Amino acid sequence: MDSDEKTSESDTKYGEARKFDANFKGPIHNRGCTDVLCCILFILCLFGYFAVGLLAWSQGDPRKVIYPTDSRGQFCGQAGTPMEKKPLLFYFNILKCASPLVLLELQCPTTQICVETCPKEHLTLLTAKLSLDRKKQDYYRSYCKEGTNFTKMSAPDILSQGLCPAMLIPSQAFTHRCLPALGTLKGVVVVGNETSLAGDGGDQVNATQLLDAAKKSNLVVEARQVAMRIFEDYTVSWYWILLGLVIAMVVSFVFIVLLRFLAGVMIWVMIILVILVIGYGIFHCYWEFASLKGVAGADVTIKDLGLQTDFSIYLQIRQTWLAFMIILAIVEVVIILLLIFLRKRILIAIALIKEASRAVGHVMSSLFYPLLTFCLLAMVIAYWAVTAVFLSTSNEQVYKVFNVSGGEFTKNTCVPESFSPNNLSAGTLDTECRFAFYGGETLYHKYLIVLQFYNLFLFFWCANFVTALGQVTLAGAFASYYWAFKKPEHIPAYPIFASLGRALRFHTGSLAFGSLILSLVQIVRVLLEYLDHKLKGAQNRCAKFILSCMKCCFWCLEKFIKFINRNAYIMIAIYGKSFCPSAKDAFFLLMRNVIRVAVLDKVTDFLLFLGKLLIVGIVGICSFFFFSGRIKAVEETAPSLNYYWVPILTLVVGSYLIAHGFFSVYAMCVDTLFLCFCEDLERNDGTAERPYLMSNNLLGILKKTNDTTKTVD
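Predicted, not measured: the structure shown is a model, and the values here were computed from it.

Draft legend 1. The overall build of the protein, seen in detail. Counting its regular elements, the protein contains 21 helices and 12 strands. Looking at the protein residue by residue over its 713 residues, the buried ones come to 45%. Taking the intrachain contacts of the protein between residues at least 6 apart in sequence as the baseline, contacts between residues at least 24 apart amount to 72%. Just so you have it, the protein exposes about 36,500 Å², and 65% of that area is on carbon and sulfur atoms.

Shown next, in the form of structure tokens:
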């Protein structure tokens, strides 16, 4: 629908069309500051954010995350402390880790000390005391509390005061903790090749009991072990990952440069290659599926297999490859159908991409602007992550009273230096003042969750502000290109720097305003996810349904606000108005050209998405064959990994982000040119006095002409 075909009713409903202005030559230079109040609020919040960071850094201690702590709150293995040479945590009675107290915040209710090595043999306290072997006594003493007079005190006194464990069990280090060295022998759980261990009083400790206790004491340790293996994979493959990301960057840059000169050819080549890459994926999945036929264990279902930390196990069953094949086939069919139905509009989209290629060619510095955005986002993410870690580790040591029976005093706080069991009303000797967890009752600790919430909210706000700054900067530069009658003579010098300067000088408040609206929606979504996580075990289906509906609605609202913000920033870059009038003007302009928005702008987004998909597919397939050892020529060159999917997944995500960074310039260019294109149709009519400023290629596709001998290049 052309502008001259619009009815007066639609003009009234969505505002009046733009009128011809002979003095309008692109982004307005005479502009003033916009949304000043929001700018002031943003600056004040930033000062508050820095204050929270300083407070967290003064109170926090990241060592609490890195090192395990003993019963006195000392860090095992920390350099510069008495525990430097004792990096492992040893439990006096691992069986108590099966207590319900483990499920509370009190950790495992048994004495824990830092040791140099884990016990390697089964030995009881009485056996060590009666032994004439001095080395055996010294060996046992190394697992007692410091200062224990092992030779002079009797075994009952040592046990009653909780100075030594009743017995030592063969153990092995697992994420800096000594856990029973469990295994299986002919299908039976054993520890040190024994199904049970005898205590001093003849009590038998079953290996299965130790297994249950080890699991309870290891609620988070398994996840940490997976994380450690992933970290090990990164340490041996980081240079290959870096090389892969450099290749993705080179491929993306070459692709963008080729688009500048061969936009039409590159788009069709890209479409064909995407279809071929996905087609090869379908073939490879079928080949793997067929090759596993008849292999023992390959017919096990994913449901029966359950959750496994070694993801390579899933690639050894047929159902995994069948699922991959079905997913890729669906994607292939959807892409082919979209290309068939949008074949006519693809020609117009290609013309718009060609125009964007010319704009990028005249503003080459725009290709490097995403590096600035990336650096700023990296700083925002790093500040948020470091502050979050310091906030979460800024609690103080809390000591509580523990006893064997877990009675009425187990939640009472105490001071280790002045604690005495006789001070308690029960007066029992089997109690001790032991480090329980990190917390505190000061004003700072009471509002710690509020500070974490503030940290997260400012992270969203700052990240969205950086993104908005990039969008308005690129929009201003590309709008200068479009509205230049003679290109490149009328394009201002250094358009990126000029646009960035205007954005920071005049429109910081407007960018903060748009970012604030988006951040509020995002923080609500985080709260809904938190509530959903809390209600997972609930049986109220109505509450779950309402929560799911709210999550869906806020997801849609976030997408809509992002769309409105993006186009509002383009209008801000061009006209210099505040956020709300710019959002209104952009929305009404798009509604007056709603058909073009649906079939033209979104088709170009789809084509650019295919470009990103192609780059990710190329890098992903090459990294899969390299790290999985499928290429015989480089099989010995590939690093030995615990999980070969770690570098592959990192490269896939990284290459997508790199491709998105490069193509985001094109996407912003297309969106800016599209709005300028819509305004061009409203402002001008092709006469000598009011010529269209769009390219001859777009004029031809839209069947428009300029009644002047001087046309736009």
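Now that the structure is up, let's keep going.
Draft legend 2. Here's a closer look at the pattern of salt bridges. For the coordinates displayed, the defined rule picks out seven salt bridges. A salt bridge links Lys-551 to Glu-529, with the nearest nitrogen and oxygen atoms 3.6 Å apart. In this pair, Lys-551 is assigned in helix 17 (residues 541–575) and Glu-529 in helix 16 (residues 508–534), connecting sequence segments 22 residues apart. Across the salt bridge formed by Lys-577 and Asp-585, the nearest N and O atoms sit 3.2 Å from each other. Taken together, the shared-partner salt bridges connect Arg-525, Glu-558 and Lys-562 into one network.

Draft legend 3. Molecular detail of the packing of aromatic side chains. Summed over all chains, the structure comprises 24 aromatic pairs. Ring centres of Phe-42 and Trp-461 lie 5.0 Å apart, and the angle between their planes is 55 degrees; on these two criteria the pair is classed as tilted. Highlighted residues: Phe-42 in helix 2 (residues 36–59) and Trp-461 in helix 14 (residues 448–482), separated in sequence by 419 residues. Of the two residues examined, Phe-42 and Trp-461, each falls in the buried class. An aromatic cluster is defined as three or more aromatic residues linked by ring pairs; in this entry it consists of Tyr-49, Phe-50, Trp-57, Tyr-383 and Tyr-454. Here the basic side chain of Lys-129 rests over the ring of Phe-150, its NZ or CZ set 5.4 Å away from the ring centre.

Draft legend 4. Expanded view of helix 2. Here helix 2 spans 35 Å end to end across 24 residues, near enough to the 34 Å set by a 1.5 Å rise per residue. Listing the buried residues of helix 2 in full gives Cys-38, Cys-39, Phe-42, Cys-45, Tyr-49, Val-52, Gly-53 and Ala-56. Of the surrounding elements, those touching the buried residues of helix 2 are helix 12 (369–392), helix 13 (443–446), helix 14 and helix 16.

Draft legend 5. A look at unusual backbone geometry. Not every positive phi belongs to a glycine, and Asp-35 is a case in point at roughly 50 degrees. By secondary structure assignment, the location of Asp-35 is in the loop between helix 1 (8–13) and helix 2. Under the relative-accessibility criterion, Asp-35 is labelled partly exposed at 21%.

Draft legend 6. Quick peek at the pairing of strand 1 (residues 88–91). Of the two faces of strand 1, both are covered, the one formed by Leu-88 and Phe-90 as well as the one formed by Leu-89 and Tyr-91. Here four bridges tie strand 1 to strand 2 (residues 112–115), and the two strands are oriented antiparallel to one another. Counted as the bridge partner of Leu-88 is Val-115 from strand 2.

Draft legend 7. Spotlight on the state of the cysteines. With the rule as written, the count across this model stands at three disulfides. Two residues share a disulfide in this structure: Cys-76 and Cys-114, whose sulfurs sit 1.9 Å from each other. As the torsion about the S-S bond is roughly -75 degrees, the Cys-76-Cys-114 disulfide counts as left-handed. Pair noted here: Cys-76 is in the loop between helix 3 (63–66) and strand 1 and Cys-114 is in strand 2, with a separation of 38 residues, a long-range link. An identical accessibility class is assigned to Cys-76 and Cys-114; each is buried. With no disulfide partner, Cys-580 has as its closest neighbouring cysteine sulfur the one in Cys-38, 9.7 Å distant.

Draft legend 8. Representation of the side chain of Ser-480 in the model. Mapped onto the elements, Ser-480 comes out in helix 14. Residue class for Ser-480 comes out buried when judged on its relative accessible area of 9%. In terms of polar contacts, Ser-480 uses its side chain to reach the backbone carbonyl oxygen of Gly-476, at 2.9 Å. Residue contacts for Ser-480: discarding those within four places in its chain leaves Pro-27, Pro-492 and Arg-502.

Draft legend 9. Spotlight on the nonpolar core. With 119 residues, the main nonpolar core has Leu-259 and Leu-607 as its most contacted residues. Top element by residues in this core is helix 14. It accounts for 20 residues. Leaving out residues up to four positions away in the same chain, Leu-607 has contacts with Ile-267, Met-270, Ile-271, Ile-346, Ala-349, Ile-350 and Ile-353. In this structure, Leu-125, Tyr-140, Cys-144 and Cys-178 belong to the second largest nonpolar core, which totals 20 residues.

Draft legend 10. Just helix 12, in detail. Helix length check: helix 12 (24 residues) gives 35 Å between terminal C-alpha atoms against 34 Å at 1.5 Å per residue, within 8%. Turning to helix 12, its buried residues are Tyr-369, Pro-370, Thr-373, Val-380, Tyr-383, Thr-387, Ala-388, Phe-390 and Leu-391. For helix 12, the elements touching its buried residues are helix 2, helix 13, helix 14, helix 15 (495–506) and helix 20 (645–683).

Draft legend 11. Geometry of the environment of Thr-650. Structurally, Thr-650 can be placed in helix 20. Its relative accessible area of 21% is what places Thr-650 among the partly exposed residues. Taking the C-alpha atoms as reference points, Thr-650 and Leu-245, separated by 405 residues in sequence, lie 9.3 Å from one another.

Draft legend 12. Examining the confidence of the model for the protein more closely. Averaged over every residue, the pLDDT of the protein is 76; residues scoring 70 or more account for 76%. Note that residues 198–202 has pLDDT below 50 and, in this model, 12 contacts with residues that lie over four places away or in other chains. Taken together, the stretch residues 214–221 has pLDDT below 50 and engages in 15 contacts with residues farther than four places along the chain or on a different chain.

Draft legend 13. Representation of the packing of helix 2 against helix 14. Taken N-terminus to C-terminus, the directions of helix 2 and helix 14 make an angle of 130 degrees; their axes are 10 Å apart at the nearest point. Relative to helix 14, the element helix 2 lies oblique. Every pair of crossing elements has a handedness; the one defined by helix 2 and helix 14 is left-handed. Across the interface between the two elements, Leu-41, Phe-42, Cys-45, Leu-46, Gly-48, Tyr-49, Val-52 and Leu-55 of helix 2 pack against Leu-451, Tyr-454, Asn-455, Leu-458, Phe-459, Trp-461, Cys-462 and Phe-465 of helix 14. When grouped by side-chain class, the residues that make up the contact of helix 2 with helix 14 number 14 nonpolar, two polar and no charged.

Draft legend 14. Quick look at the packing of helix 14 against helix 17. Taken N-terminus to C-terminus, the directions of helix 14 and helix 17 make an angle of 50 degrees; their axes are 8 Å apart at the nearest point. Viewed along their axes, helix 14 and helix 17 adopt a mutual orientation that is oblique. In the crossing of helix 14 with helix 17, the sense of the turn from one axis to the other is right-handed. Listed contacts from helix 17 to Ala-468, Gln-471, Val-472, Ala-475, Gly-476 and Ala-479 of helix 14 are Arg-566, Tyr-569, Ile-570, Ile-572, Ala-573 and Ile-574. The class makeup of the residues in the contact of helix 14 with helix 17 is nine nonpolar, two polar and one charged.

Draft legend 15. Quick look at the side chain of Thr-320. For Thr-320, the location among the structural elements is in helix 10 (residues 318–341). Using a relative accessible area of 7% as the deciding quantity, one classes Thr-320 as buried. When neighbours within four sequence positions are excluded, Thr-320 is seen to be in contact with Ile-302, Tyr-314 and Leu-315.

Draft legend 16. The arrangement of the environment of Ile-113 in detail. Tracing the backbone shows Ile-113 in strand 2. Sequence-wise, Ile-113 and Tyr-143 are 30 residues apart; in three dimensions their C-alpha atoms are separated by 7.7 Å. Residue contacts for Ile-113: discarding those within four places in its chain leaves Asp-70, Leu-88, Leu-89, Phe-90, Phe-92, Tyr-143, Cys-144 and Lys-145.

Cut-off values and rules
- Residues numbered from 1 in each chain as written.
- Predicted model: local features only at pLDDT ≥ 70, side-chain atom pairs only at ≥ 80, totals over all residues.
- Heavy atoms only, no water.
- Helix = DSSP H or I, 4+ residues; strand = E, 2+ residues; numbered from the N terminus.
- Buried < 20%, exposed > 50% of the residue type's maximum accessible area, 1.4 Å probe, protein only.
- Contact = heavy atoms within 4.5 Å.
- Areas by Shrake-Rupley, 256 points an atom, 1.4 Å probe, with all protein chains shown as cover.
- Salt bridge = Lys/Arg side-chain N within 4 Å of Asp/Glu carboxyl O.
- Phe/Tyr/Trp six-rings, centres within 6.5 Å; stacked < 30°, edge-to-face > 60°.
- Lys NZ or Arg CZ within 6 Å of the ring centre and 35° of its normal.
- Expected span 1.5 Å × (residues − 1).
- Pairing = 2+ DSSP bridges.
- Disulfide = S-S within 2.5 Å.
- Polar contact = N/O pair within 3.5 Å; in protein donor to acceptor, adjacent residues only side chain to side chain.
- Core = buried A, V, L, I, M, F, W, Y, C linked by side-chain atoms within 4.5 Å.
- pLDDT = per-residue confidence, 0-100.
- Axes fitted to C-alpha atoms, helices over the stretch in contact; angles between N-to-C directions.
- Parallel < 35°, antiparallel > 145°, perpendicular 65-115°, else oblique.
- Left-handed = near helix turned anticlockwise from the far one by under 90°.
- Nonpolar A, V, L, I, M, F, W, Y, C, P; charged D, E, K, R; others polar.

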